Structure formats: C-alpha cells, structure tokens
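# Secondary and tertiary structure notes
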Amino acid sequence: MANGTADVRKLFIFTTTQNYFGLMSELWDQPLLCNCVEINNFLDDGNQMLLRVQRSEAGISFSNTIEFGDTKDKVLVFFKLRPEVITDENLHDNILVSSMLESPISSLYQAVRQVFAPMLLKDQEWSRNFDPKLQNLLSELEAGLGIVLRRSDTNLTKLKFKEDDTRGILTPSDEFQFWIEQAHRGNKQISKERANYFKELFETIAREFYNLDSLSLLEVVDLVETTQDVVDDVWRQTEHDHYPESRMLHLLDIIGGSFGRFVQKKLGTLNLWEDPYYLVKESLKAGISICEQWVIVCNHLTGQVWQHYVPHPWKNEKYFPETLDKLGKRLEEVLAIRTIHEKFLYFLPASEEKIICLTRVFEPFTGLNPVQYNPYTEPLWKAAVSQYEKIIAPAEQKIAGKLKNYISEIQDSPQQLLQAFLKYKELVKRPTISKELMLERETLLARLVDSIKDFRLDFENRCRGIPGDASGPLSGKNLSEVVNNIVWVRQLELKVDDTIKIAEALLSDLSGFRCFHRSAEDLLDQLKLYEQEQFDDWSRDIQSGLSDSRSGLCIEASSRIMELDSNDGSLKVHYSDRLVILLREVRQLSALGFVIPAKIQQVANIAQKFCKQAIILKQVAHFYNSIDQQMIQSQRPMMLQSALAFEQIIKNSKTGSGGKSQITWGNPKELEGYIQKLQNAAERLATENRKLRKWHTTFCEKVVFLMNIDLLRQQQRWRDGLQELRTGLATVEAQCPLTWQSKWEGPEDPLQYLRGLVARALAIQNWVDKAEKQALLSETLDLSELFHPDTFLNALRQETARAVGRSVDSLKFVASWKGRLQEAKLQIKISGFLLEGCSFDGNQLSENELDSPSVSSVLPCFMGWIPQDACGPYSPDECISLPVYTSAERDRVVTNIDVPCGGNQDQWIQCGAALFLKNQ
C-alpha cells in the first residue's frame, strides 16, 4: 500500500475495512484501490456524504450510494456529519462508521433498541432535555420496527410473512409478541385463531419472562418447570396447524439463552469467593438447577417425548443446549471449590497455616469472573484452577488423615458411612485424599453391592403383587395399577441410578467397581424390562377393549349424551368412568415418556374433546340421582314443581326445529346450551332445597328455645318466640305442608296451656289410682282427661284381644246408648263428648232448632271392642259413622263411632255433624 500510506485518510478507511471484513493486508496492495474514484470523491468532495463498502464473492467494492438490492452480504458504511472535505484534522470528528447486517430494518432496529433508545429514554440527563413527543415517537419507531422484523423475512425488498424465519426473534418475549401481533394482524380468520391459541398458551409464562430480571433464582427454578409444560402443550396441540419445528428449536435455544444470562446476572452480583458460604451455596445450587433442568427438559422433550408423539413427531436430532450445560458445569466447579474450602476450614486446626490458607487459596481467581463462561475464558479458568490445586495440595495430606480417622469410627454403620462419603464427597474426589481412603472406599463399595442385592430382592418379591398389598408394589394416590407399577419401578431405578452415580464419582478406580457396575446395570435392565412389559400389557388390554362396546372405552360423536335408566330411574351419562381413567393414564404415561399407540391416542383425543362437558353432565347426574337423599322427607312435596321441571329438561334432550333430533356429543353448540339449561334447573332446585333446609333448622332452633322458657315467669318471651315462629311459617306458607302446620297445635296463651296440662296430669293420677284398685273400668271415664285418648282406646283393644284369644285385626269398635254391650268382653263407660251440627237424645240424631246451641253435650255411652262377625247394638242401615276429634278445631281424629240416625246418612254429612272431646 505504498501510495496509500502517505494519505492518513485512506489509511483510516482501509484499516477499518480490513478489520471489519477480516481481510489479509496483501489484498490492499493494489494501486486500483488506492486510486479508487469513489474513495476520492468521498474524501475530497464536500458534497459527497457517503461511502459504502461491500464484500461479495467478487471481492471488495466501493460505492457512493446505497443499493436497494439483495443485502445478504455484509455492508460497511462511512458517512459525514457535515458536508466538508475530509482532512487530517476533521477525520475523526466528521466521519461516522456503521455496519449493516441482514437488512436495513434489522440494523436500524438493533441500533435504536440497543443504543439510542436506552440512551435517550433511560439516561436521566438526555431524557430530561429530550422532547416527550420525540420520546414517544422513538418508542413507537422501536415497536414498529420490531413488528415488521418479526413478521418479515430479511429480504430488503420483500416484507413477506414467513413463519419459519426467526431472525427477528431474539428473546422469548419477542416470540410471545409475535403471536400477539399475528392474532391481531393475521390475514385469515383461521390464522388469527391459531395465533390466538398460541398466544393464550404462552400467556402462562409471558409476564415472567418479560420481568425475568426482577425474579429470584428460586422463582426461575419454578419457571423452568412451568415453561416445560407450556412448550409441551404448544408442540402437542392438535386444534390447529402444528407449531413449526425450526421455530420450536429456535424458541428452546433463546429460552436457554435467557436462563443462562439471568443466572450469570444474578450470580454476578455476588462475590463468590468472599461472600458467606451459605449464601453462595444456595445461589449456586439454584443457578445449577436452572441450567441442569433446562438441559434435561430439552433432552426429554426433543429426545424422547416429541420423537414418539405420533400426531406431531420431532424429526431432527435431539436439541442439546451446550452453552447452558457448560455454564452449569462451571457453576458446579465453583461450588465444589467453595465447598472444599469450607471443609478445609472445618478440618484444619486454628493455626497460622489456616490463616495462610484463607488469604492465598483464592488468589488465582483474582480478576476472573467465574460465571462468564465462553470458549475464550475457559483456558484462563483452567489455569486458575490448576494454580489453586497447587496451593491446597499441602493441606490435603493433613485432612486425609483426619477424614480417615473420622470414617473409621462409623464404618460399621452402612447408612452413616454412606452419609459421611456424601457429606465430604468433594474432599474424597481429591486424588491425595482418595488414595489415603482406599480401605474405607472398599468398605463403601461392599455396602453398595449389598444395596443392589437388596433392591433386586425387593423388586423380585413385589413385582407380581397387587399395589398396596404387603407383597405388592408400593402404591401412590390417584394412580391406576399400570401407572402405579411404572412409577414404583421408576423409583427403584432412581435408587439404583443414584447408587451407580455415587460409585462412579468416588469408587471408579477400585478393583471391584466393574463387577458392581455390571450387577447394577443388569438390575437396571431388569427394571426397565418390567416397566416396558407393564406398558405393553396395558396397551393390549386397552386395544382389545376398544372393540368391545361393553368396555366403556367406546365413544362416538353421534351417540346420545345421557338417558334415564328404565330399571331404577337413575340418570346415566354415556361417558364411562373408564374413559376418565384412560385419559389420566394416557396423560401420565406420555409424561413418563411412553409412545401411546395411535388407536388409543385417537380414542383419548376424542374423549378429551368431550371431557369438560362430560364432567359437568356427571355432576348434574349425581345431583339428580342423590337429590332425594338431600331433601328432608316432609319437604319433598314442597319442591315437587322444581323437581318436575328439572326432570322434564332431562327427558326432552332434543334439538332442532320441532325438537326432533337428539342432542349428541357431535353438536357442541346445542350441547353447551342444553348443559346450561340443566345447570340452571339443577341450581334452582338446589337453592330451593337449601332454603327450605335452612328454614327447617331455624324452626327447630326456635322450638328448642320455646321448650326452655319458664311459662310461669316468662310469658312474654313465650309469646314473642311463638310469634317469630309463626312469622317464619307464614314466609313459606305457600309451600308449607299440612304435616308441618299440624305440629304447632295448642293454645297461644301459656296459662291456658298450663291449666290444661295440670288438669290432665291430675286426671291421669286419678286414673292410675283407680287402675291400682281394679276399679277403672267400672267408673265413667272422660277421654278429654287424657293426653292421647287414641292410645288408651288402642290399649283397650289389645287387652280385649288377649281376653278373647283373637287377633286385634279381628275386632271392631262399637258404642251403645242402649246399655251395656253384650258381646264385649271388656267395655268402658265414656262421657265428655260434645256434638256439633245436630242434636242427639240418646236414641237418634235430630236437626237443631233455631234456638238450639251450636254445640251440645252427648249422653254417656258404653264402648268396647267386639268380634267383626258379631252384631252390634245398632243396624248399619240406621247408623252413621261420625269422627271423634280432640278439639273443636277438628285437626286430629281420635276414633270413629256409629251413632243411630234413623237412616238418610247424607243429611247428617251435609250438616257437618261431628263429635269432639270437651276442653280441660
């Protein structure tokens, strides 16, 4: 470059271009470049504001204009701030340099987003002097460019939507925003619905990723699990066109990148070498967990689950986030170094050596940020670790002896021995200490061999049993037999796998390790074979059940949704419980990594489609089948109308004009409407039942309250309580059954009630005295003196039956005003009857005169029980059977007796003739 080196201006342009494009210096030793017209115009002509440098297959080209063609090649642009000739003095004050990658849209967007927007909007000095309107315009420009970039390929001239193009998607939030924009701006309704579906799925995690930096490490540990569920749902959805594989691969990558940067940022706020160990330990563990879990998620989904998912299989190799994995391993190294340091402090005596160890041990890491992992920092890290190991080497020898003494004291206890090795595993891994603990590690290996034997024996004893039995697999909650057995054997696999990992980490150099490892791997193979057999047996059983209509696994869109059983009247939904179990099994087995056969998956998809409606219908059916048990017996007539309306909806499950076609699973709109009607009717009935039950409880409480009132001293409380009770009854009077109302008989005045109570109590005592003297039946008795006169008459009937040696059903009740009953073995003379509606002189009934009282006394009569075939004192043709009531209110019948009337019974029925007992 002999001709160009004398010109500092051209040297600046050549050097910048050479560094940017990574060119060899020899390429510039060309006179044509030094005398390039475009370069000379840019430097020497004040009106020429721009110089473009572009590298293509043909080489480097210069131009004073920006071409609007294909921009796949990298472009470097020099442009002036002021229209001046470039000189040595203004060279660095008047020339700006900008690169352009992919497209002008992408370059402008990134420049605004990464440089100008943060400076002008977030920096206090600039934002304070920047017009708010311009700030809004800058924000809108950034958002608009982002939208265009996410929706287009990077071709300069064609802003055409291409879903596989993800070059504008740099963060998970960009992906979530992409589907939000598609849901609003899609060209077709189907595309909008699909985009909206993905948008709703991503909403579960969108807020967390948008505010990722504000979350704690532990919160992001939980976010990893949630993110796994979301991306799995996105991949597995079958409602719309599948999510593109290339786009999912990119999404997994940028999610892993976000997690990695988050971990680096959070741990970067700590001094990992000097901050308290417990704080560093917990933070590092959380960071390691985030990295490890996302690596496991990607491996599990793309390497197992999605590859075997028939509706949308993963076709590429499994995705492995290598950078995140190596970051996790770097964090493990940091944690191991800090842990070893803590263990050294525990074992080393308080001496000068300990002080030296404290001050020198982390010197190799000075100036090195351990969380900044990349290929360029890895050699520096390894060199620092090597120097660190040299520093701690002298202390390791002393610690090895102390650790040997400690382990020798507990080696007779297998559990304590294992715990000790796990507790100090970082120390045991050190070559010097590992060599010193050779015998102790041999002992541990023997214990692990015994553990493998125990695992094998436990498996062989339980594998053929029933889950939950003493001789069967351990059982979990809400798991079917096949899932339970697989989960149980997976737990055994984890135990065996943990044992192998311990041995590999601490015992791999021992002579017996290979034999142990072979035995453990054989057991693992045996467990995995059992696991596969369980799944294969389940698959065969389900597939055979699919061809059997009685298995409960068959459901068709055209089948009826529910019907009433003709035998017991119960409501049955045509969606069996076995289908619900199948859905749970398919979901759980898929999560466990099994490939569900296509036929079973198809049935599960159909069942899943109707599952929501089926669950609601089953709830309605359960309500219908059990509502009678929820009702109080006496309240059932009160809810008859609501119950009939509910039943009518169930019976008329038809749709269409005229209601001619049955509602089926395949009619989603009609089904939703029908379910809504059912739910509304069920809710009305349930609400009414709850209201009446509440009233019932309230009435019971008020009655108990009344029963505890002192009627002599608290008469007003009695009246108030009784009034509240009557007010409540009036509230439900339209629905209140007569059997309820009949429970509240008796006078309102408590004194009147007490007088009757005392009178009856005294009369009963008189009756008891006469009975003890064998004189009761020889006296004239007044039935109104009894609390329950019907009970007394029934007792007379039973006593008569015993006396004559006949059954009580073979006797009939008769009364006589002529004299004693000749046919009655036992009889009584009764007084105290009152007659209403007519008069009676002892011979026959007669009509009342105008001046006759409405109620008249009846002469005493003889009553008793005689055989059915015996003739009574009166002919049936000349008698009428009149009811005997306890009071004039005629609300309770004591008995019926035949009264002579001279014939024409209808006459006395019309005049309302009836007998009742006098008041006490």
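Please read all numbers here as calculations on a predicted model, not as lab measurements.

Turning next to the overall build of the protein chain. From N to C terminus, the protein chain includes 30 helices and 19 strands. Buried positions account for 42% of the 920 residues belonging to the protein chain. Intrachain contacts of the protein chain at a sequence separation of at least 6 include 67% that bridge at least 24 residues.

Think of a sheet as strands paired side by side through backbone hydrogen bonds, with each pair either parallel or antiparallel. Across the sheet, which stays open at both edges, the 5 strands sit in the order β15-β12-β19-β17-β18 with mixed pairing between neighbours. The open sheet has two edge strands with one neighbour each: β15 (855-857) and β18 (893-900). Across this sheet, the average inter-strand angle for adjacent strands is 30°, counted without regard to direction. Looking at chain direction, strand β17 (residues 879-885) and β18 are connected through 7 bridges and run antiparallel. Counted as the bridge partner of Ile880 is Val899 from β18.

With that out of the way, let us pick up the environment of Glu672. Within the secondary structure, Glu672 sits in helix α25 (residues 668-707). What makes Glu672 partly exposed here is its relative accessible area of 41%. Along the sequence, Glu672 and Gln613 sit 59 residues apart, while their C-alpha atoms lie 7.8 Å from each other.

Another point: the sheet that holds strand β11 (residues 827-831). Strand order in the open sheet formed by 4 strands is β9-β11-β16-β10, and the pairing between neighbours is mixed. Of all strands in the sheet, those with a lone pairing partner are β9 (780-782) and β10 (811-816), marking the two edges. Averaged over all adjacent pairs, the angle separating strand axes in this sheet is 40°, with direction ignored. Contacts between helix α29 (residues 789-804) and the sheet are confined to β9, β10, β11 and β16 (861-867), with β10 contributing the most and set at about 115° to the helix.

Let us look at helix α16 (residues 414-423). Helical geometry note: an α-helix holds 3.6 residues per turn, so side chains three or four residues apart project in the same direction. Along α16, the residues that are buried comprise Leu417, Leu418, Ala420 and Phe421. The buried residues of α16 occupy an angular sector of 160° when the element is viewed end-on, so they sit on one face. Where α16 is buried, its residues touch α15 (378-408), α17 (425-428), α19 (438-462) and α20 (481-506).

Okay, the packing of aromatic side chains next. Aromatic ring pairs are described here by two measures, namely the spacing of the ring centres and the angle between the planes. As enumerated under the stated definition, the model contains 29 aromatic pairs in all. Pairing Phe178 with Trp179 gives two aromatic rings, centres 4.9 Å apart and planes at 80°, and the pair type is edge-to-face. Among the residues examined, Phe178 registers a relative accessible area of 0% and is labelled buried. Judged by centre distance (6.3 Å) and plane angle (70°), the ring pair of Tyr197 and Phe198 falls under edge-to-face.

Remark: helix α1 (residues 8-21) packs on helix α3 (residues 37-44), axes separated minimally by 11 Å, with the N-to-C direction vectors making an angle of 120°. Considering the angle they form, α1 stands oblique to α3. The handedness of the crossing between α1 and α3 is right-handed. Of the residues in α3, those in contact with Arg9, Lys10, Ile13 and Phe14 of α1 are Ile39, Asn40, Phe42, Leu43 and Asp44.

This next bit is on the packing of helix α13 (residues 322-347) against α15. Close contact between α13 and α15 brings their axes to 10 Å; oriented N to C, the two are set at 30°. The angle between α13 and α15 falls in the class roughly parallel. By crossing handedness, the relation of α13 to α15 is classed as left-handed. Counting all contacts with α13, which are made through Arg330, Glu333, Val334, Ile337, Ile340, Phe344 and Phe347, the residues of α15 involved are Glu378, Trp381, Val385, Tyr388, Ile392, Ala395, Glu396, Ile399, Lys402 and Leu403. The residue makeup of the contact of α13 with α15, split by class, is 12 nonpolar, no polar and 5 charged.

Calculation rules
Residues numbered from 1 in each chain as written. Predicted model: local features only at pLDDT ≥ 70, side-chain atom pairs only at ≥ 80, totals over all residues. Heavy atoms only, no water. Helix = DSSP H or I, 4+ residues; strand = E, 2+ residues; numbered from the N terminus. Buried < 20%, exposed > 50% of the residue type's maximum accessible area, 1.4 Å probe, protein only. Contact = heavy atoms within 4.5 Å. Pairing = 2+ DSSP bridges. Axes fitted to C-alpha atoms, helices over the stretch in contact; angles between N-to-C directions. Arc of directions from axis to C-beta. Phe/Tyr/Trp six-rings, centres within 6.5 Å; stacked < 30°, edge-to-face > 60°. Parallel < 35°, antiparallel > 145°, perpendicular 65-115°, else oblique. Left-handed = near helix turned anticlockwise from the far one by under 90°. Nonpolar A, V, L, I, M, F, W, Y, C, P; charged D, E, K, R; others polar.

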